[in-house]
Amino acid sequence: MQFIDLKAQYAALKPRIDARIQQVLDHGQYILGPEVKELEQSLAKFTSSRHCITVASGTEALLIALMALDLKAGDEVITTPFTFAATAEMIVLAGGRPVFADIEADTCNIDAARIEAQVTSRTRAIMPVSLYGQVPDMDEINAVAARHGLAVIEDAAQSFGALYKGRRSCALSTFGATSFFPSKPLGCYGDGGALFTDDDGLAQAAREIRVHGQSGRYVHTRLGVGGRLDTLQAAILLAKLERFEWELERRAAIGERYERLLAGLAGVQRVAVRGDRNSVYAQYTVKVEDRAAVQTALQAAGVPTAVHYPKPLHRQPAYEQYRGSDPCAVSDREAARVMSLPMSADLSEADQDRVVQALTVAVNLSASSRPDAATQRSLPRAARVD
Ligand SMILES: *Cc1c(COP(=O)(O)O)cnc(C)c1O
């Protein structure tokens, strides 16, 4: 069993993908060829965004968004520490300072109620992350931003296709930034990403920054990067888009099936999904005690797992200097417990049953090797394992 099955996806789409790749080889416009424009139109339509600007990766999308907003040295961007490093990394690279606000324990998304306390006169933007494929409380986040005149960049690297109150992730704030890394909900066969915005000026800025700040050929009006999406990757994405709605349905069905099968299992907590939105399950993540033991048992049973993420950013050497007034204790606690299970649109029910069976055995094993409840009650609170 694979953690994410990309081979089955290619097998299902092979004629379409191969034909699209061949078309690019035939016309030879490898940089900003016609497929790039076609993809941008399709993605803008899919998300109901005015503009889509494809870029070289999800990381590049975040950087270009911050550059388009003209982030200045020392400007603060409020974000979550419970994310992939690229989120805070690009804030620092763009000259800013990440300011961490803690997460909600049940969704692991940034806690919108903790953001306003972190706003200062230096705050320029909020960068929430739609973790595991679910958008955070974006209305509340946008309201804080509006009160203080801040931009909001949704790091939607894990949530392309997700719905929030009937609207698509990526089209919910100043900028939406997504990734087409192969294992993301919509992946290409290399690096890729896209930015979404309704603001004409910001879209123009992002387009210029993507090609070294050029407003015309060899007219460099601003600082930019080499941040284009390859035509070949755009062609692959166009072929994959044809099956994407089906994949979203499969992901939803497999996610719901996990929810059902794991609902009564003691020792396994699930990440909550709010009723007014869905998750595209970039990861299907659960929370267990004794994670290392559970992972070892699952591995022995042939079930691969992964941890997203073992250490929140305020504990990482490169980012601990940005620790602020929010202790981010919830992030610390959840980072020690989260574990992602195999998930992809092509995961079979038989394989999913094997995952659930192996997990049931693993958590029972680890529970029976832990001190019993009576022993635990006699321990000081900090020493308990519950
Ligand atoms: C994957 C990811 C990124 C980076 O995307 P790349 O395309 O790999 O550069 C950024 N943020 C989050 C939350 C991600 O999961």
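Residue indices begin from 1 for each chain and proceed along its sequence in written order. Totals for whole chains, interfaces and linings use every residue, but because this is a predicted model, local features are given only for residues with pLDDT of at least 70 and side-chain atom pairs only at 80 or more, for both listing and counting. Just so you know, side-chain values use all the structure's heavy atoms and leave hydrogens and water out.

Tell me what's going on with the site of the ligand, and back it up with residues and numbers.
Here a residue is considered near a molecule or strand provided that any single heavy atom belonging to it is located within 4 Å of it. Near the ligand lie 16 residues; those nearest to it are Gly58, Thr59, Asp155, Ser179 and Lys184. Protein burial of the ligand: of its 380 Å² of free accessible surface, 93% is covered by the chains. Breaking the shell around the ligand down by element, the ones donating at least two residues are helix H3 (58-68) and helix H4 (86-93). Split into classes, the residues belonging to the shell around the ligand amount to six nonpolar, eight polar and two charged. Accessibility throughout is a Shrake-Rupley quantity obtained with a 1.4 Å probe, and a residue counts as covered only by protein chains that appear here. Per the convention used, a helix needs a DSSP run of H or I reaching at least four residues, while a strand needs a run of E reaching at least two, with both numbered from the N terminus. Three residue categories are used. Nonpolar comprises Ala, Val, Leu, Ile, Met, Phe, Trp, Tyr, Cys and Pro, charged comprises Asp, Glu, Lys and Arg, and polar comprises the others, including Gly.

Give me the sheet that holds strand E4 (residues 123-127): which residues, what numbers.
Overall, mixed pairing links the seven strands, which are arranged E1-E9-E8-E5-E4-E2-E3 in an open sheet. Edge strands, defined here as strands with exactly one partner in the open sheet, are strand E1 (51-55) and strand E3 (97-100). Each adjacent strand pair in this sheet contributes to an overall mean axis angle of 25°, direction not counted. Along the sheet face, helix H2 (residues 34-47) touches E1 and strand E9 (193-197) and points at about 130° away from the line of E1. Paired strands are those between which DSSP finds at least two bridges. Axes here refer to lines fitted to C-alpha atoms; in helices the fit is confined to the stretch in contact. Angles between the N-to-C directions go from 0 to 180 degrees. Residue contacts are defined here by distance: any two heavy atoms, one from each residue, within 4.5 Å place the two residues in contact.

Describe in detail the domain arrangement of the protein chain, supporting the description with residues and values.
Source of the domain bounds: an automatic or database domain assignment. By domain assignment, the protein chain separates into domain 1 (6-241) and domain 2 (244-369). Taking only C-alpha atoms into account, the centre of domain 1 sits 24 Å from that of domain 2. At the junction of the two partners, domain 1 supplies 45 residues and domain 2 supplies 40 residues. Considering only the surface of domain 1 that becomes buried against domain 2, Phe100, Tyr132 and Gln134 emerge as the three largest contributors, covering 19% of it. Salt bridge, as used here: a side-chain nitrogen of Lys or Arg that lies within 4 Å of a carboxyl oxygen of Asp or Glu. Linking domain 1 to domain 2 there are five salt bridges. The residue aspartate 326 makes a salt bridge to arginine 114 at a minimum N-O spacing of 2.9 Å. Identification of polar contacts relies on pairs of N or O atoms within 3.5 Å, with a donor-acceptor requirement for protein atoms, meaning one able to donate a hydrogen and the other able to accept it, and with residues adjacent in sequence counted only if both atoms are side-chain atoms. Where domain 1 packs against domain 2, one counts 26 residue pairs in polar contact (both at pLDDT 80 or more). Looking at the side of domain 1 that touches domain 2, the elements that each hand over two or more residues are helix H1 (6-27), H4, E3, strand E6 (163-164) and helix H7 (231-241). Partitioned by chemical class, the residues of the side of domain 1 that touches domain 2 number 25 nonpolar, nine polar and 11 charged. The term buried area means the drop in 1.4 Å probe accessible area that two parts suffer when joined, counted for both and summed.

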